[in-house]
Amino acid sequence: MKEYFPMISKVKYEGKGSKNPFAFKYYDAERIVVGKPMKEHLKFAMSWWHTLCAGGADPFGTTTMDRSYGGLTDPMDIARAKVDAGFEFMTKLGIEYFCFHDADIAPEGKTFAQTKSNLWEIVEYIEQKMKQTGIKLLWGTANCFNSPRYMHGAGTSCNAHSFAYAAAQIKNAIEATVRLGGKGYVFWGGREGYETLLNTDMALELDNMARLMRMAVDYGRSIGFEGDFYIEPKPKEPTKHQYDFDAATVLGFLRKYGLDKDFKLNIEANHATLAGHTFEHELTVARINDAFGSIDANSGDPNLGWDTDQFPTDVYSATLCMLEVIRAGGFTNGGLNFDAKVRRGSFTFEDIVYAYISGMDTFALGLLKAYEVIEDGRIDEFVKQRYISYTEGIGKDIKEGRASLESLEKYILENDAVQMQSGRQEYLETVLNNILFG
Ligand code: XLS
Ligand code: CA
Ligand code: CA
């Protein structure tokens, strides 16, 4: 069989002293870290779209990356070659999961019936490869944002025919996910937002989006899907205002429509920063609301205001992310999907290998450092002490629901000299640097 990544055989862990660009410096898959192998803490996944499909096109220029897989022209031949290349890549890197959109794995046909048969032909081929390699599906999704039929949205379209088309696509994408044993199904609302309120019935659009999600849950559960449905928040791009703005907004939506039992959140780093939050803020909001599900690991660029989907290399951010994952009890159905693409100028297959090695090493180091932060204990202890006033007296009464405005006024009349304590932010930042670089 044709080899697409001849520059690597099995990528191994060689330790931080290694200068081999095709070796892991921190990711040691089988190393036991606090009771389980690193690979189980991290559950790395390959994104089919960025890794096997994206050609480097941007609004100002054409593709730079050859994704013809050796000059193939027939879309179904290309789709099969992507399966071969993808499984070769994951096997060599030791990546045990992947994620896909329907449109990434199989080409659209002239009719929906043709699209459906293309999809199922490739699903069967993927299924064989999964059996041979033991690689698993993390989550599946439907691409309901690319086609002109979704120019006004999919679930939130003003056009019921577009809504119905999205429903048909989602039905098949859920079936494919179930058939491939996926434990997650993602809704990312690419076109689910608006450009101007002058032409928008926001109430109907949101009700309809919830209706589509309810249909997905009902259908998924009826065919045996026991995993999690996810919403992936993002504030803008492609629409000016996307309905799933951030984790807090999504939680409000899910609760309003009674979808919170079936849905969790898929948090993407770059989307968090576009919403004006940190990655760890969004993860914390998900965790404290029992909605932590899965992660799209990538990063944006502080100098650019759009979704650059870069490979994550920031160990500081990865550490704070992994701290949240640990606090959430680790991944259950979710994992760490590299929703990341190489830069337009990094156009060779070799660059994809470097990118994944770098992303995996970054999160492996982040995992180790997060446990060091916990073991060190200074940060957690500081936070505990900071809220100590709620463990006794009036604070305990507040926390346990025994206080009222009257009882607190009485207390203040007798004790009106409030003593404050420092938040010690600079000290804590030094502690973190000390653990990361000390
Ligand atoms: C785009 C999103 C998308 C989702 C899946 O910004 O990140 O790729 O993860 O549809
Ligand atoms: Ca994503
Ligand atoms: Ca993104």
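What this report covers is the structure whose coordinates are included nearby. (Residues numbered from 1 in each chain as written. Chains lettered and ligands numbered in written order. Predicted model: local features only at pLDDT ≥ 70, side-chain atom pairs only at ≥ 80, totals over all residues. Heavy atoms only, no water.)

**Quick word on helix α11 (residues 315-327)**
And step 1. Between its first and last C-alpha atoms α11 spans 18 Å; for 13 residues at 1.5 Å apiece the expected length is 18 Å, and the two agree.
And step 2. Every buried residue of α11 is listed here: Ala 318, Thr 319, Leu 320, Cys 321, Met 322, Leu 323, Glu 324, Val 325 and Ile 326.
And step 3. The inward-facing, buried residues of α11 abut α1 (38-42), α10 (279-288), β13 (292-296), β14 (336-338), α12 (349-376) and α16 (425-437).
And step 4. Taking the backbone nitrogen of Tyr 316 as reference, a side-chain oxygen 3.0 Å away marks Asp 314 as the first, capping residue of α11.
And step 5. Looking at the residues trailing α11, positive phi occurs at Gly 329, about 90°. (Helix = DSSP H or I, 4+ residues; strand = E, 2+ residues; numbered from the N terminus. Expected span 1.5 Å × (residues − 1). Buried < 20%, exposed > 50% of the residue type's maximum accessible area, 1.4 Å probe, protein only. Contact = heavy atoms within 4.5 Å. Polar contact = N/O pair within 3.5 Å; in protein donor to acceptor, adjacent residues only side chain to side chain.)

**A short note on the site of ligand 1**
And step 1. Taken together, the residues surrounding ligand 1 are Trp 49, His 101, Trp 139, Phe 145, Trp 188, Glu 232, Lys 234, Glu 268, His 271, Asp 296, Asp 307 and Asp 339.
And step 2. One of the side-chain N or O atoms of Glu 232 is found 2.6 Å from an oxygen atom in ligand 1.
And step 3. The contact in question runs from an oxygen atom of ligand 1 to an N or O atom on the side chain of His 271, over 3.2 Å.
And step 4. In isolation ligand 1 offers 290 Å² of accessible surface; the protein chains occlude 94% of this area.
And step 5. Looking at the shell around ligand 1 residue by residue, the class counts come to four nonpolar, two polar and six charged. (Near = heavy atom within 4 Å. Areas by Shrake-Rupley, 256 points an atom, 1.4 Å probe, with all protein chains shown as cover. Nonpolar A, V, L, I, M, F, W, Y, C, P; charged D, E, K, R; others polar.)

**Some words on the pairing of strand β8 (residues 184-187)**
And step 1. Neither face of β8 is left uncovered, since the one carrying Gly 184 and Val 186 and the one carrying Tyr 185 and Phe 187 both have all their residues buried.
And step 2. Sheet topology note: the strand β7 (residues 136-141)/β8 ladder contains three bridges and is parallel. Its bridge partner lying in β8, Trp 139 is registered against Gly 184.
And step 3. In this view, the connection linking β7 to its parallel neighbour β8 by way of helix α6 (residues 160-179) has right-handed handedness.
And step 4. Relative to strand β10 (residues 228-231), β8 runs parallel, the two being bridged by four bridges. (Pairing = 2+ DSSP bridges. Right-handed = clockwise from strand over helix to strand, strands pointing away.)

**Overview of the packing of helix α3 (residues 75-93) against helix α5 (residues 112-133)**
And step 1. Where α3 meets α5, the closest approach of the two axes is 10 Å, and the angle between their N-to-C directions is 20°. It follows from the interaxial angle that α3 and α5 lie roughly parallel. Where α3 crosses over α5, the two elements pack in a sense that is right-handed. On α5, the residues that touch Met 76, Ala 79, Arg 80, Val 83, Asp 84, Phe 87 and Thr 91 of α3 are Asn 118, Glu 121, Ile 122, Tyr 125, Ile 126, Lys 129, Met 130 and Thr 133.
And step 2. Class assignment for the residues of the contact of α3 with α5 results in eight nonpolar, three polar and four charged. (Axes fitted to C-alpha atoms, helices over the stretch in contact; angles between N-to-C directions. Parallel < 35°, antiparallel > 145°, perpendicular 65-115°, else oblique. Left-handed = near helix turned anticlockwise from the far one by under 90°.)

**Some thoughts on the coordination of the calcium ion (ligand 2)**
And step 1. Distances from the calcium ion (ligand 2) to its protein donors, Glu 232 (OE), Glu 232 (OE), Glu 268 (OE), Asp 296 (OD) and Asp 339 (OD), fall within 2.1 to 3.1 Å.
And step 2. The calcium ion (ligand 3) is placed at 4.5 Å from the calcium ion (ligand 2), the two being bridged by Glu 268. Separated by 36 residues along the polypeptide, Glu 232 in the loop between β10 and β11 (241-242) and Glu 268 in strand β12 (residues 263-268) bring together distant segments of the chain. Of the two residues examined, Glu 232 and Glu 268, each falls in the buried class. (Donors = N, O, S within 2.8 Å, 3.2 Å for Na, K, Ca; no water.)

In short, shape yes, function no, at least from these values alone.
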